[in-house]
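One letter stands for each residue in the lines below.
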Amino acid sequence: MKNYYLVLPEKPSPFLKQMIDMATKNIKYEILKDFEQLPDLRNKKIIYGVELPITGVSNNLNKFFLELFSRGYDSLLGAEGIVLVHSQYQYFTKTAAQSIIFKSNLLGCRFSGRPMVEATRNLDNFLPLKKVYELPLEEICLYLCEELGKRFVNDQIDRVENPKILVLHSSNRMYSNTLTLWDMVKGNLKEISITEINIQNGTIVDCIGCPYKTCKHYGQQTKCFYGGIIVKEVYPAILEADSLVFICPNYNDMITANLVALINRLTALFRKTKFYDKTLFSIIVSGHSGGDALAKQLISSLNINKTFRLPPYFALMAVANDRGAIKKVPHIEELAKDFAENMVSEIKR
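Rules of the game
Residues numbered from 1 in each chain as written. Predicted model: local features only at pLDDT ≥ 70, side-chain atom pairs only at ≥ 80, totals over all residues. Heavy atoms only, no water. Buried < 20%, exposed > 50% of the residue type's maximum accessible area, 1.4 Å probe, protein only. Helix = DSSP H or I, 4+ residues; strand = E, 2+ residues; numbered from the N terminus. Pairing = 2+ DSSP bridges. Right-handed = clockwise from strand over helix to strand, strands pointing away. Phe/Tyr/Trp six-rings, centres within 6.5 Å; stacked < 30°, edge-to-face > 60°. Lys NZ or Arg CZ within 6 Å of the ring centre and 35° of its normal.

Student: Looking at this structure, how should I read the pairing of strand β1 (residues 4–7)?
Tutor: Within a regular strand, the side chains alternate between the two sheet faces. Residues of β1 alternate between two faces, with Y4 and L6 on one and Y5 and V7 on the opposite face, all of them buried. Direction of pairing for β1 relative to strand β2 (residues 29–32): parallel, over a ladder of 4 bridges. The residue bridging L6 from the neighbouring strand is I31, located in β2. Following the chain from β1 across helix α1 (residues 14–23) to the adjacent parallel β2, one finds a crossover that is right-handed. Where β1 lies against strand β3 (residues 45–52), 4 bridges are found, and the strand directions are parallel. From the neighbouring strand, Y4 faces β3, where its bridge partner is K45.

Student: Is there a simple way to explain the packing of aromatic side chains in this structure?
Tutor: What characterises a pair of aromatic rings is the spacing of the ring centres plus the angle enclosed by the ring planes. Under the definition given, this model contains 11 aromatic pairs. Between F69 and Y73 the ring centres are 5.5 Å apart and the planes differ by 75°, which places this aromatic pair in the edge-to-face class. Look at F275 and F308: their rings are 4.6 Å apart centre to centre, the planes differ by 15°, and that puts the pair in the stacked class. Here F275 is found in the loop between α9 (257–272) and β9 (279–286), whereas its partner F308 is found in the loop between α10 (291–305) and β10 (315–319), with 33 residues between them in sequence. No difference in accessibility class separates F275 from F308, as the two residues are buried. By way of ring pairs, the aromatic residues F35, Y48, F64 and F65 are connected into one cluster. Positioned above the aromatic ring of F152 is the side chain of K45, whose terminal nitrogen or guanidinium carbon lies 4.6 Å from the ring centre.

Encoded structure:
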């Protein structure tokens, strides 16, 4: 039986208190407020309850992570987390959650698909869900908190034997440091079923934002209005895979356009099939810096929004500018080997 801890960096508003109460029904937990006297949080269940100030930055939460990083990058190894964020203002709830998940993941914490509920000042982030639940916005928020808490308690996962891995990229192997790094990782994945799809090979049309009913109609047929390589190759491969690996060179601190279009086009498939049982990994190489920016984009779009499971240390990030420079990064072969071993052990459902 794992112990539960509530990380409460700021005094919660009455509404955040309601969110926490709904998420922790029938959960006995200890509140963490003194971040200089933290217990060992490895292999624990962690609930982040964060009340954001107008700046969107909790100084006390920063102290919490400073203490954990001082203990080493395994200070949350084996831990599992969920995030509840509330603000009396309109901004920063989503980006704050991204940051919490990213930092926790760097320290070894895993997150199930859709691991957070955010509540902005007017709760207007729940407006699209009114059509689904036909409830007042406040009740929708609290219902989602309750459902998140249930999933958190009941999430039982086991390692997948003989996993199937799908690798998605839009790079040219002749020039790409990112693909070269992936090849290093792949060299350590012996006897693993791996499918690679280069979506640069087809004409990728981005999502146009079809009406909900239109998108759902095509999604029920495992299709999308625009068809093409996304429907013919990518959709079937995703349904077949246990794990997805996104190969992401850093262009202007953004994921490449084809991969963004692919992620957007997943919405139709998502209407029919949720991805809670699929594990997300990524290889990210930057010419200068900014790998964390891409990692957070993937967390937001695929873990928070599209329900892919986030394993500990989900992203292998490196800096390499010139062609072939990735091979000169210190200890890169060892890092690639460690990442491959983490993939094999963490593809779970």
